[in-house]
Amino acid sequence: MKTSNPVLARLGQAAERERAAGYAPTGPYGQPGYPQQYPTEAGYPAAPPTVNTMSIDDVVVKTVTLLGILAASAAAAWVLVPDALLGVAWIGAAVVGLALGLVISFSRMANPALVVAYGVVEGVFVGMVSKYFESLYDGIVLQAVTATFGVFFVMAMLYKAKVIRATPAFVKGMIAVMAGLFAVMLINLVLALFGINTGLRDGSPLAIGFSLVCIVVAALSFVLSFKEVEDGVRMGLPQRYSWVAAFGILVSLVWLYIEILRLLSYFQGDD
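For the structure given in this document, a descriptive report is provided here. (Residues numbered from 1 in each chain as written. Predicted model: local features only at pLDDT ≥ 70, side-chain atom pairs only at ≥ 80, totals over all residues. Heavy atoms only, no water.)

**Quick notes on the environment of E230**
By the secondary structure assignment, E230 is in helix α7 (residues 205-235). Distance from E230 to M54, taken between C-alpha atoms, is 10.0 Å for residues 176 residues apart in sequence. Once residues within four sequence positions are removed from consideration, E230 is found in contact with Y159 and R165. (Helix = DSSP H or I, 4+ residues; strand = E, 2+ residues; numbered from the N terminus. Contact = heavy atoms within 4.5 Å.)

Okay, structure coming up:
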């Protein structure tokens, strides 16, 4: 089963290597895998070792687990990190989270430990960002959380109803757009460090428009994640790859939350 998702394609290749090494997958309900047999020293055939394949339920459980880890880490950082170190913790968590995210995204093997570590680090990042904005605008964090999950569930319903589908053209277009946005945000950050204001993050009409574009793209990125889950199940990837699918959903949720938080701050006024 081929997929237009490059990350899933690599995971599929990894799964094929595991199968070639002698691991016959079983389905989520214990259905038999490949009927190959392996001889033992006594000459009698033995059943091959098996691995359970990922299912949608696995991804849901892993996603909820990662959200719980992120929420706990965010709450701990909010309470334990003093205000004087807020900026340092914010930047440090962002850099480490980016590094972990790139390693997970381009790795050929699923590593649950790395995904969990990413959830912890992103929790610190989200906690610090949320604490900063909440100190300026009371109640903005709850508004952003509500809006984020609202958008997520709407996108899930639209995908389930097949209103939006991840066609090959859609996937390629989304990857190109997200790469472009990432490059723009990185350049804007570097320029901001040198005191250059591009107008993309200052609350101006241009900044509002840019945030709206980011929110739309972040929302559409859920379609890629849902397609990733579908392809993973069809390809019979081992169960641990559900951590990778849950990671993709978590990345989109964090990005969407930060952009909504930023957009809401533009409309809060000076009081």
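**Brief notes about the side chain of D58**
Looking at where D58 falls in the secondary structure, it is placed in helix α2 (residues 56-80). Contacts of D58, omitting those with residues within four sequence positions, involve T53, Q239 and S242.

**Details of the packing of helix α4 (residues 112-136) against helix α8 (residues 242-266)**
Between two packed helices, both the angle of their axes relative to each other and the distance between the axes serve to describe the pair. The contact between α4 and α8 brings their axes to 11 Å, and the two run at 10°. The angle between α4 and α8 falls in the class roughly parallel. Residue-level contacts link P112, V115, V116, Y118, G119, E122, F125, V126, V129, S130 and F133 of α4 to W243, F247, L250, V251, V254, Y257, I258, L261, R262 and S265 of α8. (Axes fitted to C-alpha atoms, helices over the stretch in contact; angles between N-to-C directions. Parallel < 35°, antiparallel > 145°, perpendicular 65-115°, else oblique.)

**Observations regarding the pattern of salt bridges**
Scanning the entire structure with this criterion turns up six salt bridges. Between D83 and K131 there is a salt bridge; the shortest N-O distance is 3.0 Å. Taken together, the positions of D83 in the loop between α2 and α3 (86-106) and K131 in helix α4 put the pair 48 residues apart, joining distant regions of the chain. According to the relative accessible area criterion, K131 is buried, its value standing at 14%. (Salt bridge = Lys/Arg side-chain N within 4 Å of Asp/Glu carboxyl O. Buried < 20%, exposed > 50% of the residue type's maximum accessible area, 1.4 Å probe, protein only.)

**Structural notes on the packing of helix α5 (residues 140-160) against α7**
Their axes nearest at 9 Å, the elements α5 and α7 cross at an angle of 50°. By the criterion of interaxial angle, the relationship of α5 to α7 is oblique. The way α5 lies across α7 gives a crossing that is right-handed. Across from V151, F152, M155, A156 and Y159 in α5, the residues of α7 making contact are A219, L220, F222, V223, F226, K227 and E230. By residue class, the composition of the contact of α5 with α7 is 10 nonpolar, no polar and two charged. (Left-handed = near helix turned anticlockwise from the far one by under 90°. Nonpolar A, V, L, I, M, F, W, Y, C, P; charged D, E, K, R; others polar.)

**Structural notes on a nonpolar patch on the surface**
Where nonpolar side chains cluster on the molecular surface, the patch consists of L98, L102, F106, F182, L186, L189, V190, L193, F194 and I196 and spans about 1,000 Å² of accessible area. Of all the elements in the fold, those that place two or more residues in the nonpolar patch are α3 and α6 (168-193). Counting residues per element, the nonpolar patch draws most heavily on α6, which supplies five residues. On the secondary structure map, L98 appears in helix α3. L98 sits in the partly exposed class, given a relative accessible area of 40%. (Patch = residues over 30% accessible without salt bridge, like charges linked within 9 Å, V, L, I, M, F, W, Y side chains within 5 Å. Areas by Shrake-Rupley, 256 points an atom, 1.4 Å probe, with all protein chains shown as cover.)

**Let's talk about α5**
Here α5 contains 21 residues, and its C-alpha end-to-end distance of 30 Å stays within 8% of the 30 Å for a straight helix at 1.5 Å per residue. Those residues of α5 that fall on the buried side of the exposure criterion are I140, V141, A144, T148, F152, M155 and Y159. An end-on view of α5 places all buried positions within 105° of arc, on one side of the element. Across from the buried face of α5, at angles greater than 90 degrees, the exposed residues are L142, T146, M157 and K160. Where α5 is buried, its residues meet α2, α4, α7 and α8. Immediately downstream of α5, the backbone of K162 shows phi near 65°, a positive value. (Expected span 1.5 Å × (residues − 1). Arc of directions from axis to C-beta.)

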